Amino acid sequence: PAMGDVDPAIAAGSRTAVELLRVWITQDQQSAAASIDAVLNKPNGPGVASIITGQLRVAQTLVLMLAQAYGATTDDEVRIMTSDILHDLAEELAQ
């Protein structure tokens, strides 16, 4: 669904997830972990469940973009390429 069609808590969680990813990429891991912990425990924040859902939405979007960048155009190609990307990612992260 378009961002306007998404539950406001999920939209806020998605925005927060993007920001947490930016923090993770641009800061050293210790500083990033402290920043992320503060956001996750923020009383007036979107909440952990919404942030996790937001992270999944961000990851889904990135994997779909990657599949398309690899040349997948049809729904079947995207589905197959996405599965392959996730399989490769799981193996890479397990090392």
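The preceding data block contains the structure.
For clarity, every value in this text was computed on a predicted model and none was experimentally measured.

## Quick notes on the overall build of the protein
Logical step 1: In terms of regular secondary structure, the protein is built from four helices and zero strands.
Logical step 2: Written out in order from the N terminus, the α and β elements of the protein read α-α-α-α.
Logical step 3: If you line up the protein on its principal axes, its C-alpha atoms span 45 × 35 × 20 Å.
Logical step 4: In the protein, the share of contacts with a sequence separation of at least 24, taken over all contacts with a separation of at least 6, comes to 50%.
Logical step 5: Summing over all exposed atoms, the protein offers an accessible surface of approximately 6800 Å²; the carbon and sulfur share of this is 59%.
Logical step 6: Computed over 5 positive and 12 negative side-chain charges, the separation of the two mean positions in the protein equals 12 Å.

## What about helix α2 (residues 29–40)?
Logical step 1: Under the 1.5 Å per step criterion, the end-to-end length of α2 is 16 Å for twelve residues, consistent within 8% with the ideal 16 Å.
Logical step 2: By the N-cap criterion, in which a side-chain oxygen at the helix start approaches the backbone nitrogen of a residue two or three places on, α2 is capped by D28, the distance to Q30 being 3.2 Å.

## Re the packing of helix α1 (residues 8–26) against α2
Logical step 1: Here α1 crosses α2 at 160°, and the two axes come no closer than 9 Å. The orientation of α1 with respect to α2, classified from their angle, is roughly antiparallel. When you trace α1 past α2, the crossing you get is right-handed. On α2, the residues that touch T16, L20, V23 and W24 of α1 are Q29, A32, S35, I36 and V39.
Logical step 2: In terms of residue class, the contact of α1 with α2 is built from six nonpolar, three polar and no charged.

## Some thoughts on α1
Logical step 1: With 19 residues, α1 extends 27 Å from end C-alpha to end C-alpha; this agrees with the ideal 27 Å at 1.5 Å per step.
Logical step 2: For α1, the set of buried residues is I10, A11, A12, G13, S14, T16, A17, L20 and V23.
Logical step 3: Contacts from the buried residues of α1 go to α2 and α3 (48–69).
Logical step 4: The distance from a side-chain oxygen at the start of α1 to the backbone nitrogen of A9 is 2.7 Å, and the residue carrying that oxygen is D7.

## Structural notes on a negative patch on the surface
Logical step 1: A contiguous patch of negative charge, built from D84, D88, E91 and E92, is present on the exposed surface.
Logical step 2: Positionally, D84 belongs in helix α4 (residues 75–94).
Logical step 3: Assessed through its relative accessible area of 40%, D84 is described here as partly exposed.

## What about a nonpolar patch on the surface?
Logical step 1: A cluster of nonpolar residues, L21, W24, I25, L62 and M65, forms a patch on the protein surface that exposes about 500 Å² of accessible area.
Logical step 2: Listed by contribution, the elements that provide at least two residues to the nonpolar patch are α1 and α3.
Logical step 3: Among the elements that make up the nonpolar patch, the one with the highest residue count is α1 (three residues).
Logical step 4: Its location among the elements puts M65 in helix α3.

Thresholds applied
Residues numbered from 1 in each chain as written. Predicted model: local features only at pLDDT ≥ 70, side-chain atom pairs only at ≥ 80, totals over all residues. Heavy atoms only, no water. Helix = DSSP H or I, 4+ residues; strand = E, 2+ residues; numbered from the N terminus. Contact = heavy atoms within 4.5 Å. Areas by Shrake-Rupley, 256 points an atom, 1.4 Å probe, with all protein chains shown as cover. Lys, Arg positive; Asp, Glu negative; His and termini not counted. Charge placed at Lys NZ, Arg CZ, Asp CG, Glu CD. Expected span 1.5 Å × (residues − 1). Polar contact = N/O pair within 3.5 Å; in protein donor to acceptor, adjacent residues only side chain to side chain. Axes fitted to C-alpha atoms, helices over the stretch in contact; angles between N-to-C directions. Parallel < 35°, antiparallel > 145°, perpendicular 65-115°, else oblique. Left-handed = near helix turned anticlockwise from the far one by under 90°. Nonpolar A, V, L, I, M, F, W, Y, C, P; charged D, E, K, R; others polar. Buried < 20%, exposed > 50% of the residue type's maximum accessible area, 1.4 Å probe, protein only. Patch = residues over 30% accessible without salt bridge, like charges linked within 9 Å, V, L, I, M, F, W, Y side chains within 5 Å. Salt bridge = Lys/Arg side-chain N within 4 Å of Asp/Glu carboxyl O.

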